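# Coordinate analysis (summary)
This is what each chain is made of:
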Amino acid sequence: MKKIIFPALLVFTGLFSSAQKKPLDHTVYDGWQSIGERLISNNGKYIAYTVNPQEGDGVLVIETGDGSYKKEIPRGYNATITEDNLYLVCRIKPLFKDTRDAKIKKKKADDMPKDSLAVVLLGTDSIIKRGGVKSYKIPEKAAGWLAYLYDKGYSGEAKPKAMPDSLTQLNNLALLADSLARVADSLKNKVEEAKTAGISVLQAAKATAKKPSPEHVDEGTILVLRNLQTGIEIKYPLVNEYVFSKNGANLAMETTKKNGDSLLKPLVLMLHLPSLATDTVMKGFNDAKNYVFDEDGSQLAFIAERDSSTKALQKFYKLWYYKTGMDSAALRVGIHTGGVADGLTVSTHYIPRFSKSGARVLFGLEPILPAKDTTIPDFEKAGLDVWNYKDDDLQTVQLKRLERGIWKTCLAVLNTGRENILQLGSNVFANVLVPKEEDAAMFYATTDTGRRVAWQWQGYTLSDVYAINPATGDKKLITRNFKGTADPSYTGKYLLLYDDRQKGYSVYNSATDKLYKIAAGIKYPLYDEDNDVPDDPAPYGIIRWMEDDKYVLIYDRYDVWKVDPENREKPVLLTDGRKDKTQYRYVTLDPEEKFIKPGQRLVFKTYNEKTKYTGLYARENNKPLVLVNSRPALLSSFVKAKDAWDILFSKETFSASPDIFLYDEQADAKVDTDGLETLTPLSHLNPQQSQYLWGTAELFTWKAYTGKQTEGILYKPENFDPAKKYPMIVYFYERNNNTLYNYQAPAPTPSRLNIPFFVSRGYVVFVPDIWYTNGHPGKSACDYVISGTRALIKQGFIDSTKIGLQGQSWGGYQTAYIITQTNLYAAAWAGAPVVNMFSAYGGIRWESGLNRQFQYEKTQSRIGADIWQRPDLYTENSPLFYLPKVKTPVVIMSNDADGAVPWYQGIEFFTAMRRLNKPVWMLTYNGEAHNLVERRNRKDIQIREQQFFDWMLKGEKPPVWITDGVPATLKGIDEGLEIK
C-alpha cells in the first residue's frame, strides 16, 4: 500500500507546490541578487565574492573551498587579499537607508555617510574596523603593510560621548551664566577706567586695516600606516595622496598646506619600509599628481607645478624624478627642456610609467593652449563653434574629446641613466605602439593625419605605418595607406599586420627591415566568416606572442594556430574544434601575462556552435586536458589563484542564477566524466526564485524565406501546455543564439525586453536570428522575423492574433520597418528607432560627436552606398515612406539626450503616425540617453510596457496614459499609470 500511495503523494505535493508559485511582478527587482567582485588568495585556499541586490545592502562572503571556514561582512566591497594569504582588507559601505535618507535631506558631500575599513585575519573571526575611511592601499606584490586615509572630520580617535538632554541643558545654562558674568566684569572695569581716562574708553575701537586672509586650501587628512604583523599604527597628517611601490619597499605621500598656518609647506615624502625613515622628495608646490614607482621601488616619477600663482591663467607642469639617495626630486622635463618641441608641455592627462628595467620613463606631452583673455567679460564674447571643411575632425568630435578630458598626447621617453629625453610622438604621430617590453629596441607608430575626413562616410581611415627607434627617435616607413590592425611583438622585433583588404597577415622584421606575408599555409579564413556588413571582414585576432617572439598564436573561427614570424616553420594547429564546430578562446588567468612561455599550460573556454555548450579545456606540452567538460550551461568570469591551479568561475543557465564554482586540481576526484555536475556551488543566489513561475529556453530552428536554415531562442512559460494558445512577444536585434544559456534576472532593463518577467506572466517570447543582405536590411529583417513567427504559429500553441514586437535601437528600426510590411503583429514597441534614413544619414551621434554617414555606407545599417548613389535604397529602407500601410498600434521611446540615434527620428515617426491618425504613443525620458540610465525611469518603462502588451495581447484594461494621455500640467504629479 505504501508503494502505491507514496508516489501519488509526491505528484500531488509537486502539483500543490507549483500551484503556489506566483508570477513575477515589479516589486521583485530590488532584492534580486548578482555576483559582483570575486577574488581568490594566491595559494587558492580563500575565496571572496560580493553578493549584491539590485538595490539595497550587499554582503561580502569569505570562505574556503572545502567549506571549513566562512565569514560574511555586511556591505563589504573593494576587497583585497594580501600577498601572504593571511589578511583580507575591504571597505564597508554605509547602510543603504542612511545614504538614501541623506540624499533626501540633500546633505552636502562632506556630510554624507562615510565608508568604513575592515581587516580580517583569514581563517578566524578576528576583524578590525575603522570608521570614516576614504581609501586604502596595500603593496601589489608584498605583504605586511596597509595604508588607509581617513575622510574629513575623522581621525580614528574615539569621540566624546553625548550627554543626556537634561545634562546638556544644564551645561548650556552654566556656560551662559559664565558668559554673562564675564560681560558684567568687563563693563565694570570699563566704568572704573572711564573715571580716570574719560568717557572715550567706552566708545567702540576704530577699525584696523585687515590683512588679506590667506587662500583657503583643501586640506589633506590623516593617513595611517599599519604593520599587519605587529598591529602598530603610525599616523601622518594632511595627506591627500599616497602610493606604495609594487614590492612594498617604499611609500610615497603627498601632504598639503594647513589653513591658518602660512609657514607649513606642502611636501612629497618617501617613507622607506620597514625602517620608517623618511626622505623629503619635494617641498613647496602648487599641485602634484600621477606618482609612479619603478619595479624595485627605488625610483619615483611624478608631475608637479610649483612656479605659477594659484590664479594663473596658464600653468606648466613638469616631470620630476627622484631616486633613493638623492637630496630631493630633480626637474627632468619642462617646456624649455631640450628635445621638447615648441608649443608643448608635460601632459597631466598621461600617467607616466617606468619600463621594466627602470631605464626609461614613458610620459606624455600636450599642446600649450593660449591663455584666456580676461580683459573682455564672458558675456561680451561671442559663443560659437567654427566648422571648417579642412578640419581632420568634426567640431562635435573635438568638443566631445575636450568634454571627456581626452587629450591628444605625444609620447616621449626619458632615459633615466643619461638624463635625456626623446619625443617619439607628435601632432602627426599621435598613435605610438609600445611593445609590452617597454625596454624594446623598436617602437611603432601609425598616422592618419590629413585623411580623417573620410572617417565620416567610411568608418575607418587609411594610415601610414612607421618603425620608431626609441633610442634615437628615427622613424622609418613600413607601409602606406594601410587598413587593418597592428600588434607589436613582445620585444618589438616584429610588427604583426593584418590587412583588411588583402585578408591576411604580414610581419615587419625590424632586424632585416623587410615586410612579408605569413600564415599563408593556413587554409581556413582568419577573418569573420559570417561578415554581413558592406565592409571588409575583421580578423578573429591573436592570443599574444610567445617568449622571445619565437611564435605568435593566431585564431581562426574555431581554432588556434602557432605561427613562426620568420616563415621557417609551417603553422601548427593547437586545437581541433572545426570538425564539431567548437570554438576555442584563450582565457587569460594571469593579469600580468605579457607573453606565453614554451610548455605553458594554455587554458581555453570552449563554445560549441551547435549545442551552445561551454567548457574549460587546457593544453600543456601538446597534450589535451579537460578541466571542466562542456555542459548545457554558460561558464564565465574565470579567476585563478596566483600560485595554485584553483580557478573560480560562474555557471548559469536561463533558469539557474549564476553561482560561483571552484575547480581544484588537487581534488581530481571531484571532476569525473560528468564534469561540472559533480562540483558543488559555493554560492546560492536568489533562493526566492523558487517561489515564482519561471520558464525554459530552447533552440528553435526553421527555414527562412531566403531558404537559410535559421536558429532562434524560444522561451516558454513554466508548466507549458502545447494544447493551449499563448500570446507571444518577438524580440530581436541581430543574432542572439549564443545567449541560449544566459541567465536573465528580472530587472528593470535599460530598454530591452524583460524576458523572464513576461515569460513568468504567461507569454511565449521568441528571439530570432537575422542574417542580412547588403542594401536591404529592412527586407532582411522581414525575411527572418516574419518567417520565424509563422513557423512558430504552425506549431499550434501560439495565438496568431496576439503577437507583439519589441526592439530597441537597431531593433527599434526593424520593428518600425516590419509593421509597414505586414499586419501580422497586434502590437509593437520601438525604442530609439530610425525611420527616415535620409535625415538620419547626415546626423550626429552626440555621445561621440561622429557623423552617422559611415553607419549607412559601411556598418550596421548596411546600405553600402551614399544617398546620391542609391537614393532608391534609402527610400526602400525608410519606414517613414510606408507608414500609411501601418495598422499595428505602436509605442515609441525616444529620449531627448539620446547620444546614438537623434531623437527627432522618434518625433518624425510620431508626428507622421499622428498625421495619418494611426494609434501611436511616444515616451520621452528627459535627460536620458539612448538606453535608460536612471533606475527610476527603468522601473517606469517596465510598468508601461507590461500595461501596453497586457492590453493589446491579453485584453486587460488600458491605463490612463494610453486612453487619455498625460497633459503637461500634470507632469510630475500624475503620470497616468492608474487604470480606470
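Residue numbers here run from 1 along each chain, matching the order of that chain's written sequence. Only residues with pLDDT of 70 or above have their local features reported here, since the model is predicted, and side-chain atom pairs are shown and tallied only from 80 upward, although totals for entire chains, interfaces and linings are computed over all residues. Side-chain metrics in this entry use all non-hydrogen atoms of the structure; hydrogen atoms and water are not considered.

### Topic: the pairing of strand β17 (residues 299-305)
Every regular strand shows the same layout, with side chains that alternate between the two sheet faces. Accessibility here uses a 1.4 Å probe with only protein chains present; expressed as a share of the type maximum, an area under 20% marks a residue as buried, one over 50% as exposed, and anything in between as partly exposed. For helices the rule is a DSSP run of H or I covering at least 4 residues; for strands it is a run of E covering at least 2, with both sets numbered from the N terminus onward. The buried fraction of β17 is high, at 7 of 7 residues. Where burial is concerned, the two faces of β17 agree: the one with Q299, A301, I303 and E305 and the one with L300, F302 and A304 are both buried. Pairing geometry for strand β16 (residues 287-293) and β17, over 5 bridges, is antiparallel. Directly across from A288, in β17, lies its bridge partner A304. Pairing between two strands is assigned when DSSP locates at least 2 bridges connecting them. In this structure, the hairpin formed by β16 and β17 is closed by a connection of 5 residues, where G297 is found at a positive phi of approximately 80°. Note that β17 and strand β18 (residues 318-323) share 6 bridges and pair antiparallel. Across the sheet, residue F302 finds its bridge partner in β18, namely W320.

### Describing the packing of helix α7 (residues 777-793) against helix α8 (residues 810-818)
Here, axes are lines fitted to C-alpha atoms. For helices the fit covers the stretch in contact, and angles between N-to-C directions go from 0 to 180 degrees. Closest axis-to-axis distance for the α7/α8 pair is 9 Å, and the angle between their directions is 80°. The pairing of α7 with α8 is recorded here as roughly perpendicular in orientation. Between α7, through P777, G778, K779, A781, C782, V785 and I786, and α8, the contact on the second element is made entirely by W810, Y813, Q814, Y817 and I818. Class assignment of the residues belonging to the contact of α7 with α8 gives a composition of 9 nonpolar, 2 polar and 1 charged. Each angle receives one of four descriptions, namely roughly parallel if under 35 degrees, roughly antiparallel if over 145, roughly perpendicular if within 65 to 115, and oblique otherwise. In what follows, residue pairs with any heavy atoms lying within 4.5 Å of each other are defined as contacts. Charged means Asp, Glu, Lys or Arg here, nonpolar means Ala, Val, Leu, Ile, Met, Phe, Trp, Tyr, Cys or Pro, and polar covers whatever is left, Gly included.

### Points about the confidence of the model for the protein chain
The pLDDT value tells you how sure the predictor is about a given residue, anywhere from 0 up to 100. When the pLDDT values of the protein chain are averaged, the result is 91; 91% of them are 70 or greater. This model gives residues 1-17 a pLDDT under 50, and the stretch forms 1 contact once residues within four places in sequence are excluded. The low-confidence segment residues 162-168 (pLDDT under 50) makes 2 contacts with residues lying over four places distant or belonging to another chain.

### Looking at empty space enclosed by the protein
Put simply, the grid is 1 Å and covers the protein atoms alone, a cavity is a trapped set of points that fit a 1.4 Å probe, a pocket is an open set with protein on both sides within 12 Å along at least five of seven lines, and lining residues have an atom within 4 Å of a point. Grid points are joined across faces, edges and corners, and a volume is the space filled by probe spheres set on the points. In this structure the tally under the stated criterion is 1 cavity of 30 Å³ or more. A volume near 30 Å³ is recorded for the largest cavity. In terms of lining residues, the largest cavity is bounded by Q744, A745, T749, R752, L753, N754, I755 and P756. Of the residues contributing to the lining of the largest cavity, the split by class is 4 nonpolar, 3 polar and 1 charged.

### Some words on the nonpolar core
Inside soluble globular proteins, nonpolar side chains tend to come together where they are buried. To form a nonpolar core, buried Ala, Val, Leu, Ile, Met, Phe, Trp, Tyr and Cys residues must be joined to one another through side-chain atoms within 4.5 Å. Judged by nonpolar contacts, the single largest core of 52 residues is most densely connected at V730, L805, I818, Y825 and F909. If one sorts the elements of this core by residue count, α7 sits on top with 7 residues. In this view, F909 contacts A816, I819, A830, P833, V835, L883, V890 and I892; residues no more than four positions away in its chain are not counted. In this structure, Y692, Y731, L753 and V765 belong to the second largest nonpolar core, which totals 39 residues.

### Description of the layout of surface pockets
Take a probe with the size of a water molecule and roll it over the atoms, and the empty space left behind shows itself. In this model, the largest pocket occupies a volume close to 1800 Å³. Around the largest pocket, the lining is made up of 50 residues, and of these E140, K141, D590, P591 and E592 lie nearest the centre. Of all the secondary-structure elements, those providing two or more residues to the lining of the largest pocket are β1 (33-40), β5 (76-81), β12 (233-244), β16, β21 (353-354) and β41 (634-640). In terms of residue class, the lining of the largest pocket is made up of 23 nonpolar, 8 polar and 19 charged.

### Some words on the sheet that holds strand β2 (residues 46-53)
Adjacent strands of a sheet pair through backbone hydrogen bonds, lying either parallel or antiparallel. Pairing is antiparallel in the open sheet, where 4 strands are placed in the order β1-β2-β3-β4. Each of the sheet's edge strands pairs with one partner strand only, and the pair in question is β1 and β4 (70-74). Strand-to-strand twist of the sheet, defined as the mean angle between neighbouring strand axes without regard to direction, takes the value 20°.

### Let's talk about the side chain of K318
Position of K318 among the secondary structure elements: in strand β18. The exposure class of K318 is buried, given its relative accessible area of 16%. Here a polar contact is recorded for every N or O atom pair within 3.5 Å, except that within protein the pair must consist of a potential hydrogen donor and a potential acceptor, and residues adjacent in sequence are included only if both atoms are side-chain atoms. Engagement of the side chain of K318 in a polar contact is seen with the side chain of D307, the distance being 3.1 Å. The contact partners of K318, leaving out residues within four places of it in the chain, are F302, I303, A304, D307, L331, V333, G334 and V346.

### Observations concerning the sheet that holds strand β42 (residues 646-652)
Taken in spatial order, the 3 strands line up as β41-β42-β43 in an open sheet, and their pairing is antiparallel. Two strands close off the open sheet at either side, each with one partner strand: β41 and β43 (659-664). The average angle at which neighbouring strand axes cross in this sheet is 30°, direction not considered. Where β42 lies against β43, 6 bridges are found, and the strand directions are antiparallel. Bridge pairing links D646 to D664 in β43.

### A word on α7
Every helix has an expected span of 1.5 Å times one less than the residues it contains. Taking 1.5 Å of rise per residue, 17 residues should cover 24 Å, and α7 covers 24 Å from first to last C-alpha, within 8% of that figure. The buried count for α7 comes to 14 of 17 residues, which makes it a mostly enclosed element.

### What about helix α13 (residues 935-954)?
For α13, built from 20 residues, the straight-helix expectation of 28 Å at 1.5 Å per residue is met to within 8% by its first-to-last C-alpha distance of 27 Å. One or two residues past the end of α13 sits G955, with phi positive at roughly 80°.

### Regarding the packing of aromatic side chains
In summary, the pairing rule links any two rings of Phe, Tyr or Trp, Trp by its six-membered ring, whose centres are within 6.5 Å, and it sorts them by plane angle into stacked for under 30 degrees, edge-to-face for over 60 and tilted for everything else. This model, assessed by the stated rule, comprises 45 aromatic pairs. Geometrically, the ring pair formed by F654 and Y715 is tilted, given 4.8 Å between the ring centres and 55° between the ring planes. Of this pair, F654 sits in the loop between β42 and β43 while Y715 sits in strand β45 (residues 709-717), and the two are 61 residues apart along the sequence. With centroids separated by 5.9 Å and ring planes inclined at 85°, the aromatic side chains of F700 and F766 adopt a geometry described as edge-to-face. Here the residue F700 occupies a position in strand β44 (residues 695-703), and F766 occupies one in strand β47 (residues 764-768), the gap between them amounting to 66 residues. For the residue pair F700 and F766, the accessibility class agrees, reading buried in each case. The structure contains a cluster of three or more aromatic residues connected by ring pairs, namely Y29, F757, F758, Y763, W829, W921, F948, F949 and W951.

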